[in-house]
Amino acid sequence: QGQLVDSGGGSVQPGGSLRLSCTASGFTFSEYAMGWYRQAAGKERELVAEIRSGSGSPNYADFVKGRFTISRDRAKNTVYLQMKRLEAEDTAAYYCHARFKTWGTWYDYWGQGTQVTVSS
């Protein structure tokens, strides 16, 4: 069974930076699109960023464009989310996600989540 382990969360002041990491195992990492989602207290989970398996093309939510960067290291089966100029509104639990589709069937995995808290 596939597994994702995400880490790197913590507490930071506004304007600070954090880098989240997610290491995959149990599936072919290169075949999966990877993404980061977040869920703040009392809110629905929302997509933060994603990166395609083949082209590596990233896509970002409007609220993080210019501040966050998603990348993947296929040799390490790891995806990263570099977060800069963090704001209080970025406070949430961040979850790594992997997805793959073949023969019309979707497969996906979720990390356990890592908390990011931005406060002064």
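So, here is what we can say about the structure in this document. The structure displayed is predicted, hence computed values, not measured ones.

1. With respect to the state of the cysteines
1) Next: Summed over all chains, the structure comprises 1 disulfide.
2) Next: Paired through a disulfide, Cys22 and Cys96 show a sulfur-sulfur distance of 2.1 Å. Because the sign of the S-S torsion sets the handedness, a value of about -80 degrees for the bond joining Cys22 and Cys96 places this disulfide among the left-handed ones. Placement of Cys22 in strand S3 (residues 18–25) and of Cys96 in strand S9 (residues 92–102) is noted, with a sequence separation of 74 residues between them. Summarising the burial analysis for this pair, Cys22 and Cys96 share the class buried.

2. A short note on the nonpolar core
1) Next: Formed by 32 residues in total, the largest nonpolar core has its most connected members in Leu4, Met34, Trp36, Leu81, Met83 and Tyr94.
2) Next: Counting only elements with at least two residues in this core, the list comes to S3, strand S4 (33–39), strand S5 (46–51), strand S7 (68–73), strand S8 (78–83), S9 and strand S11 (114–118).
3) Next: It is S9 that contributes the most residues to this core, 5 residues altogether.
4) Next: For Leu81, the contacting residues outside a window of four places in its chain are Leu18, Arg19, Leu20, Trp36, Val48, Ala49, Phe68, Thr69, Ile70 and Tyr94.

3. Notes on the sheet that holds S8
1) Next: Spatial strand order, S1-S3-S8-S7: 4 strands in an open sheet with antiparallel pairing. Two strands bound the open sheet, and with one partner strand each, they are strand S1 (3–7) and S7. Strand-to-strand twist of the sheet, defined as the mean angle between neighbouring strand axes without regard to direction, takes the value 15 degrees.
2) Next: The pairing of S7 with S8 spans 6 bridges and is antiparallel. When the bridges of S8 are listed, Phe68 appears paired with Met83.

4. Here we look at the environment of Gly2
1) Next: You can see Gly2 is positioned in the segment before S1.
2) Next: On the basis of relative accessible area, Gly2 is assigned to the buried category, the value being 13%.
3) Next: Sequence spacing of Gly2 and Phe27 is 25 residues, and the spatial spacing of their C-alpha atoms is 5.4 Å.
4) Next: The contact partners of Gly2, leaving out residues within four places of it in the chain, are Ser25, Gly26, Phe27 and Tyr109.

5. Observations concerning the packing of aromatic side chains
1) Next: A complete count under the given rule lists 6 aromatic pairs for this structure.
2) Next: Between the aromatic rings of Tyr32 and Tyr109, the centroid separation amounts to 5.9 Å while the plane-to-plane angle is 40 degrees, which identifies the pairing as tilted. Of the two residues, Tyr32 is situated in the loop between S3 and S4 and Tyr109 in strand S10 (residues 105–110); the sequence distance between them amounts to 77 residues. For the pair shown, Tyr32 and Tyr109 are each scored as buried.
3) Next: The ring of Tyr95 carries Arg45 above its face, with NZ or CZ at 4.3 Å from the centroid.
4) Next: Its guanidinium or amino end placed over the ring of Phe29, Arg72 lies 4.3 Å from that ring's centre, counting from NZ or CZ.

Rules used throughout
- Residues numbered from 1 in each chain as written.
- Predicted model: local features only at pLDDT ≥ 70, side-chain atom pairs only at ≥ 80, totals over all residues.
- Heavy atoms only, no water.
- Disulfide = S-S within 2.5 Å.
- Helix = DSSP H or I, 4+ residues; strand = E, 2+ residues; numbered from the N terminus.
- Buried < 20%, exposed > 50% of the residue type's maximum accessible area, 1.4 Å probe, protein only.
- Core = buried A, V, L, I, M, F, W, Y, C linked by side-chain atoms within 4.5 Å.
- Contact = heavy atoms within 4.5 Å.
- Pairing = 2+ DSSP bridges.
- Axes fitted to C-alpha atoms, helices over the stretch in contact; angles between N-to-C directions.
- Phe/Tyr/Trp six-rings, centres within 6.5 Å; stacked < 30°, edge-to-face > 60°.
- Lys NZ or Arg CZ within 6 Å of the ring centre and 35° of its normal.

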